[in-house]
Amino acid sequence: RTRVRLRKQREACRIAYSCLIRWRRSGSFFVSCGRFTKVTKRVQQFWREKQVSLVRHIALVDRMWEKLEYEICREKVADYSPNQFMEDNKKTRKKLHGEKLAKPQQLSKEEHARALMIRPAERKAFIIRELRG
């Protein structure tokens, strides 16, 4: 009995060994594929988590930028004479963000300061490009 059982165990080991030898190249490929899948999932999970904080960070920088830019434009416009308003309005004939632009002579100082600011879409695109660099 013991010899028969030992012979069966040895035969099973030979079969397992021959299978492992045949699968050496293919097996390492499959193990590498599995490792690649795990790393890919970890990277994807990392970016899903970081995307939320990046969106918050972009919004924060955008608000800070808008406040600073408005202050700078308001200071620039505060010293203007009426003739300078008309000259500058001819150069910067763009819409106020979503509102119709009044005729150049009808702009208030606040409207003129807002008209000098960068458009929100351009500002956000610039912030995103700079954060990636």
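Owing to the predicted nature of the structure, the values given are computational and were not obtained by experimental measurement.

The rules behind each value
Residues numbered from 1 in each chain as written. Predicted model: local features only at pLDDT ≥ 70, side-chain atom pairs only at ≥ 80, totals over all residues. Heavy atoms only, no water. Helix = DSSP H or I, 4+ residues; strand = E, 2+ residues; numbered from the N terminus. Buried < 20%, exposed > 50% of the residue type's maximum accessible area, 1.4 Å probe, protein only. Contact = heavy atoms within 4.5 Å. Salt bridge = Lys/Arg side-chain N within 4 Å of Asp/Glu carboxyl O.

K.L.:
I tried to follow the side chain of glutamate 69 on my own but got confused; where do I start?
P.N.:
Tracing the sequence through the fold places glutamate 69 in helix H2 (residues 24-78). Relative accessible area serves as the criterion here: at 11%, glutamate 69 is assigned to the buried category. With near-sequence residues (within four places) excluded, glutamate 69 lies in contact with Leu116, Met117, Ile118 and Arg123.

K.L.:
In this structure, what is going on with the pattern of salt bridges? I would like to understand it.
P.N.:
Oppositely charged side chains can pair when the atoms bearing their charge come close. On inspection of all chains with the given rule, the structure shows five salt bridges. Of the charged contacts, one joins arginine 14 and glutamate 11 as a salt bridge, the two residues approaching to 3.4 Å between their closest N and O atoms. Here arginine 14 and its partner glutamate 11 are both found in helix H1 (residues 2-22), three residues apart, which amounts to about one turn of the helix. Residue classification places glutamate 11 among the partly exposed residues on the basis of a relative accessible area of 40%. The salt bridge partner of glutamate 69 is arginine 123, with a shortest N-O separation of 3.6 Å. On the criterion of sequence distance, the pair formed by glutamate 69 in helix H2 and arginine 123 in helix H5 (residues 120-132) is long-range, its members being 54 residues apart. Comparing glutamate 69 with arginine 123 shows no difference in burial state: the two are buried. One connected set of salt bridges, linked through shared partners, spans Asp62, Glu66, Glu69 and Arg123.

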